[in-house]
Amino acid sequence: MLQEAKDLQKSAVSKLVQILATGKKEITFKAPTGSGKTYMMTDFMNRVLAANQNAVFIVSTLSKSNLAQQNYESFQKLAENGTFANLNPFLINSDSSGEGSLYIPTDYNVYVLPRDLYKDSSKLKKEGTFLNFLKSLTGDTFMKQAEKTVYLIKDECHIATSNLDELKEYFHQIINFSATPKLSRKQEPDVEISNTDAENVKLIKSVEQCNETDSLNTALEKFEKIRKDYINLLEVNPCFIIQISNKDKAEEELKNNIMPALENHQDLKWVYINDKGGETNDSGLKKLPVSKWKDYMKGKESTISVIIFKMVISEGWDIPRACMLYQIRDSKSKQLDEQVMGRVRRNPRLLDFETLSQEAKHLACTAWIWGIIPKDEHLPKQVNLFADYEIETKFRIKPVKLQNISSVKKHDMEEFLNNLKDDSLTHPSIFDSYQRLLKQDNEIQNFCYDYADDFRKWSLFTENLGAIKSSYEKYICDYEKSMVVCGDVGFPAESCFIENANNLTLDDWIWCRKDRETDFSFDSEAEKKWAELLKDIRSNSIGTAAKNENALFEDSRFLWGKNFPLNSEIKYEYYLDGVHSSYPDFVMKDKNGHIHIFEVKSVNKSSSINIDEEEYKNKVNALKACYKAASKKTGHIFYFPILDKSTWKITKYENGAETVIDKSQFIASLK
């Protein structure tokens, strides 16, 4: 997994913990399907439990689709492997809730409660079992033995979970988790990972909306082509999902539309899931009970290529290999919601994404959807470089990366480890050593496996992680040694952006929209203002010459463009508790052919942005150190324009030298 993805998840959890500490009674966390919501929920609980041993979590989750069991197993696995060791989970099921002893033990700290186990007709409620359990935890009994702080987590809170609302007095705070929280229930997100954020760090795929007039057969033909690339480049057998949106016509659609289309693709194995069970043309799958089919279809090597669903695809069913979604539509068809679209947006190679080729990365991060997309769904707007102007060759940029210490021949790891003084009286267990290694950043872990080709070397490495990390950080932060220039790259041929309020009309930069519109959106007000400045500089440079598509790049002075992250190779690696990639906001080529690179920041407060000032300061300082070194190694000129109210403070790096200038000085330097 990319370090940026880990950082995004960790930052979101940190903000959630900070808001919890304010004492707000109900908190909402929003994150797209596929962005690791369950993992972040577990991290959140683990941090709170580390700080408060008297904390207890009740995780109320859906009863259907075995989501409660799935959550419990995830919590159990992450606790047992030491990732989040503070958790001690317990699943409240039919055995504990009424079929047997009507007893829930109180010596756990995370309780997973399937929503429908607590309702009027259940023994868990009728006989007061759950209420007495809460009273025992909080000390609301005549014995007053326990005084736990009980938190309620509502998983998939967009689906009504009001059955526990009558017990609010026993919950210290309530935390809602969902990809689609309901504003009508006052579930306004306090912490949010946006689709754009998750796409940029490759947690989820970007959506390519396909022609709504395409037949199912046309869509399947496209899938057949993509399938070959998936298998060859990703080593994953992809999956095509068909959603029948009118349940009353499901069997009719299956007979008259879907099956005839599948007849043209007889090499594809398919499954149809319905209320009564399921159908399939896979002889091997027929030997298994239908209850086992979903588990089988999850695997990246599963032979099932087409999955047909009636109505909504169940929450909590993860199938990362799914990459295409086709909605069978009629007059009663509804819009696809984010939960449904999320089924095809998971990254199938998330954990080892950084090892893929550029072509494979693009494939792993694209989902194709045929259906009624909600009007308020901010899908990416596709952009292309202007054709026929050889922008890729005119605009060449030198990115940099940090060289892994293991690739430096001067560093003899064997000699380094053997010279370390071993003062320890005992040695950690293999399990403990493995858990410590897992907590290191990607580079340290990769370093270990590059070096350790036998168990002796592995043990020696893991027992000296502290010294190795210290040596590694000393090396990696010395950019004179660790930073290397990569080969020239250009802007990608195509990318995308998400529409928002920070719009600017642009018809004289390197990008054009596929839909031929001329409005582009930027990530912040500061970015938009800087784009306006670069636009004015280019306009002034070419005077009153005719601005049309044919003459647009005849004068190549001050070509510039936004560095949209999707597919971009224009990035600069830096170190901050791990190796990260900075994708600068803008790149400009001046009249003399010099490359200018801009990372735009703002210190203006925004009600929509929750910034940890210390974290922000550390990141800016790390980026400045990176750009200062990169300016010397690449010959490019780097800038940090920081907007303070309406004034620009610009830090400039040229050939390793730092200067601070204002807007007028910046403009004058380009003349």
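Conventions used here
- Residues numbered from 1 in each chain as written.
- Predicted model: local features only at pLDDT ≥ 70, side-chain atom pairs only at ≥ 80, totals over all residues.
- Heavy atoms only, no water.
- Helix = DSSP H or I, 4+ residues; strand = E, 2+ residues; numbered from the N terminus.
- Buried < 20%, exposed > 50% of the residue type's maximum accessible area, 1.4 Å probe, protein only.
- Contact = heavy atoms within 4.5 Å.
- Areas by Shrake-Rupley, 256 points an atom, 1.4 Å probe, with all protein chains shown as cover.
- Phe/Tyr/Trp six-rings, centres within 6.5 Å; stacked < 30°, edge-to-face > 60°.
- pLDDT = per-residue confidence, 0-100.
- Axes fitted to C-alpha atoms, helices over the stretch in contact; angles between N-to-C directions.
- Parallel < 35°, antiparallel > 145°, perpendicular 65-115°, else oblique.
- Left-handed = near helix turned anticlockwise from the far one by under 90°.
- Nonpolar A, V, L, I, M, F, W, Y, C, P; charged D, E, K, R; others polar.
- Core = buried A, V, L, I, M, F, W, Y, C linked by side-chain atoms within 4.5 Å.
- Expected span 1.5 Å × (residues − 1).
- Salt bridge = Lys/Arg side-chain N within 4 Å of Asp/Glu carboxyl O.

Caption draft 1: Expanded view of the overall build of the chain. For the chain, the helix and strand inventory stands at 23 helices and 30 strands. Within the chain, the fraction of its 671 residues that count as buried is 51%. Restricting to contacts in the chain with at least 6 residues of sequence separation, those with at least 24 account for 70%. Surface exposure of the chain reaches about 31600 Å², of which carbon and sulfur atoms provide 46%.

Caption draft 2: Fine view of the packing of aromatic side chains. In this structure the tally under the stated criterion is 36 aromatic pairs. For the ring pair Phe90 and Tyr108, a centre distance of 4.9 Å and an interplane angle of 45 degrees mean the geometry is tilted. One end of the pair, Phe90, is in strand β3 (residues 89-91); the other, Tyr108, is in the loop between α4 (94-99) and β4 (110-114), and 18 residues separate them in sequence. The exposure class of Tyr108 is partly exposed, given its relative accessible area of 27%.

Caption draft 3: Just the confidence of the model for the chain, in detail. Averaged over every residue, the pLDDT of the chain is 83; the share at 70 or more is 85%. Contacts from residues 544-553, a stretch scored under 50 in pLDDT, to residues over four places away or in other chains number 22 contacts.

Caption draft 4: Region of interest: the packing of helix α8 (residues 216-234) against helix α9 (residues 250-263). Remark: α8 packs on α9, axes separated minimally by 9 Å, with the N-to-C direction vectors making an angle of 40 degrees. Comparing their axes, α9 and α8 come out oblique. Relative to α9, α8 is oriented so that their crossing is right-handed. Of the residues in α9, those in contact with Leu216, Asn217 and Leu220 of α8 are Asn257, Ile258, Ala261 and Leu262. For the contact of α8 with α9, the residue count by class is five nonpolar, two polar and no charged.

Caption draft 5: Region of the structure containing the nonpolar core. Of all hydrophobic cores here, the largest spans 74 residues; its most connected members are Trp530, Tyr572 and Phe666. If you look at the next biggest cluster of nonpolar residues, it comprises 41 residues, including Phe29, Leu78, Leu203 and Leu350.

Caption draft 6: Up close: the packing of helix α1 (residues 3-21) against helix α2 (residues 37-51). In contact at an axis separation of 10 Å, α1 and α2 are set at 45 degrees when each is read in the N-to-C sense. It follows that α1 is oblique to α2 by the angle criterion. For the crossing formed where α1 meets α2, the hand is right-handed. Of the residues in α2, those in contact with Gln9, Lys10, Ala12, Val13, Ser14, Leu16, Val17 and Leu20 of α1 are Tyr39, Met40, Asp43, Phe44, Arg47 and Val48. A class-by-class count of the residues in the contact of α1 with α2 yields nine nonpolar, two polar and three charged.

Caption draft 7: Representation of α1 in the model. An ideal rise of 1.5 Å per residue puts 27 Å on 19 residues; α1 measures up with 27 Å between its terminal C-alpha atoms. Burial in α1 covers these residues: Gln3, Glu4, Ala5, Leu8, Gln9, Ser11, Ala12, Val13, Leu16, Ile19 and Leu20.

Caption draft 8: Structural view of the pattern of salt bridges. All told, the structure shown has 22 salt bridges when counted by the stated rule. Between Arg227 and Asp267 there is a salt bridge, and its shortest N-O distance comes to 3.6 Å. Residue Arg227 is located in helix α8, and its partner Asp267 is located in the loop between α9 and β10 (269-274); the two are separated by 40 residues in the primary sequence. With a relative accessible area of 45%, Asp267 lands in the partly exposed category. Residue Lys398 is joined to Asp488 by a salt bridge in which the shortest nitrogen-to-oxygen separation is 3.9 Å. Linking Lys398 in the loop between α14 (391-394) and β16 (400-402) with Asp488 in the loop between β17 (483-485) and β18 (494-497), this pair joins segments that are 90 residues apart in sequence. For Asp488, a relative accessible area of 41% corresponds to the partly exposed category. Residues participating in the shared-partner salt-bridge network are Lys381, Glu499, Arg513 and Asp515.

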